[in-house]
Amino acid sequence: MFEQVKLQFEMNGLEPHIDQLTMETHYGKHHAAYTKMFNELAEKAGVAGKTAEEILSSLNDISDETLRKGLRNQGGGYYNHNLYFEQLSPNAKKTPEGKLFDAIKRDFGSVEEVIDLLSKAAIGQFGSGWSFLSCDKDGKLYVTASPNQDNPYSEGSGRKPILALDVWEHAYYLKYKNLRADYVKAFWEVLDWSVVEKRYEG
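Residues numbered from 1 in each chain as written. Predicted model: local features only at pLDDT ≥ 70, side-chain atom pairs only at ≥ 80, totals over all residues. Heavy atoms only, no water.

Quick look at the sheet that holds strand β1 (residues 129–135)
Next up, step 1: Here we have three strands laid out as an open sheet, ordered β2-β1-β3, and antiparallel in their pairing. Each end of this open sheet is capped by a strand with a single partner; those strands are β2 (141–147) and β3 (160–166). Each neighbouring strand pair of the sheet contributes to a mean axis angle of 25 degrees, computed without reference to strand direction.
Next up, step 2: In this sheet, β3 lies alongside β1 in antiparallel orientation, the contact comprising six bridges. Directly across from S131, in β3, lies its bridge partner L165.
Next up, step 3: Seen against the sheet, helix α4 (residues 98–108) touches β1, β2 and β3 and runs at an angle of roughly 80 degrees to β2. (Pairing = 2+ DSSP bridges. Helix = DSSP H or I, 4+ residues; strand = E, 2+ residues; numbered from the N terminus. Axes fitted to C-alpha atoms, helices over the stretch in contact; angles between N-to-C directions. Contact = heavy atoms within 4.5 Å.)

Observations concerning the environment of V114
Next up, step 1: By the secondary structure assignment, V114 is in helix α5 (residues 111–124).
Next up, step 2: Among the residues examined, V114 registers a relative accessible area of 0% and is labelled buried.
Next up, step 3: A C-alpha to C-alpha distance of 30 Å links V114 and E3, two positions 111 residues apart in sequence.
Next up, step 4: In contact with V114, other than residues within four places in its own chain, are I104, F108, L133, V143 and W193. (Buried < 20%, exposed > 50% of the residue type's maximum accessible area, 1.4 Å probe, protein only.)

Things to note about the pairing of β2
Regular strands show a simple pattern: their side chains alternate between the two faces of the sheet.
Next up, step 1: Pairing between β1 and β2: seven bridges, direction antiparallel. By the bridge assignment for β2, S134 is matched with Y142.
Next up, step 2: The hairpin formed by β1 and β2 contains five residues between the paired strands, and G139 there has a positive phi angle of roughly 90 degrees.

Some remarks on the layout of surface pockets
Next up, step 1: Counted as a void, the largest pocket has a volume near 200 Å³.
Next up, step 2: Together, 13 residues line the largest pocket, and E53, Y79, N82, L83 and E86 are the ones closest to its centre.
Next up, step 3: Of all the elements in the fold, those that place two or more residues in the lining of the largest pocket are α2 (52–57), α3 (65–86) and β3.
Next up, step 4: Among the elements that take part in the lining of the largest pocket, α3 stands out by supplying five residues, more than any other.
Next up, step 5: Broken down by class, the residue content of the lining of the largest pocket amounts to seven nonpolar, two polar and four charged. (1 Å grid on protein atoms, 1.4 Å probe; cavity = no way out; pocket = protein on both sides within 12 Å on 5 of 7 lines; lining within 4 Å. Points joined across faces, edges and corners; volume = space filled by probe spheres on them. Nonpolar A, V, L, I, M, F, W, Y, C, P; charged D, E, K, R; others polar.)

Observations regarding the packing of helix α1 (residues 20–45) against α3
Next up, step 1: Packing of α1 against α3 brings their axes to within 8 Å, and their N-to-C directions diverge by 140 degrees. By the angle class used here, α1 and α3 are oblique. Judged by the twist between their axes, the crossing of α1 over α3 is left-handed.
Next up, step 2: Per-class residue counts for the contact of α1 with α3 are 14 nonpolar, 10 polar and one charged. (Parallel < 35°, antiparallel > 145°, perpendicular 65-115°, else oblique. Left-handed = near helix turned anticlockwise from the far one by under 90°.)

A look at the pattern of salt bridges
Next up, step 1: Evaluated as defined, the whole model comprises 11 salt bridges.
Next up, step 2: Put simply, K93 and E97 hold a salt bridge, and the shortest N to O gap is 2.8 Å.
Next up, step 3: The class of K93 is partly exposed, set by a relative accessible area of 24%.
Next up, step 4: In this structure E97 comes out as partly exposed when scored by relative accessible area, which is 49%.
Next up, step 5: Salt bridges sharing partners connect three or more residues here, namely K93, E97 and E197. (Salt bridge = Lys/Arg side-chain N within 4 Å of Asp/Glu carboxyl O.)

Everything listed is a geometric property; what it means functionally is a separate question.
Structure (structure tokens):
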């Protein structure tokens, strides 16, 4: 059974960058609903024994169009939000180190540059969606944007997302209204690079 990632902080723990009401709505309602629906659809499709990554990477194996679309949307919502909430912290490590730092320097030149690229991808995503930092099997890093609840797995790239920046309006609108760029700037204040490092090295 798929479960929501457990928060390592209180609902008001990310204040003032991400407010309590947003957390209660985003995590407590939206993410909970994605998780519930993904479990139900995975059972119906007979894929409940697979990992979320396996399901999202093999959506074309689901012959029923309605189930396939549901798994893409609800499964993506479940998986993307697990990535998102797991990497947030009121005591965030603000700069990556080790293998991830070396890869960022190699592929983008600097940490500032990858943050700028991820921010621009997020701000420029039309409508709802995400920006992702992902890596391929050789450790090369990529910055991409995805609509809706898509991600590198469901899009068929085979790359592993290691950082997820949510720009659905429910992630920021209660506090930031239409000022998406202000939310994106605040996101980096609570992004814990130690989690991203572990995902890259794992």
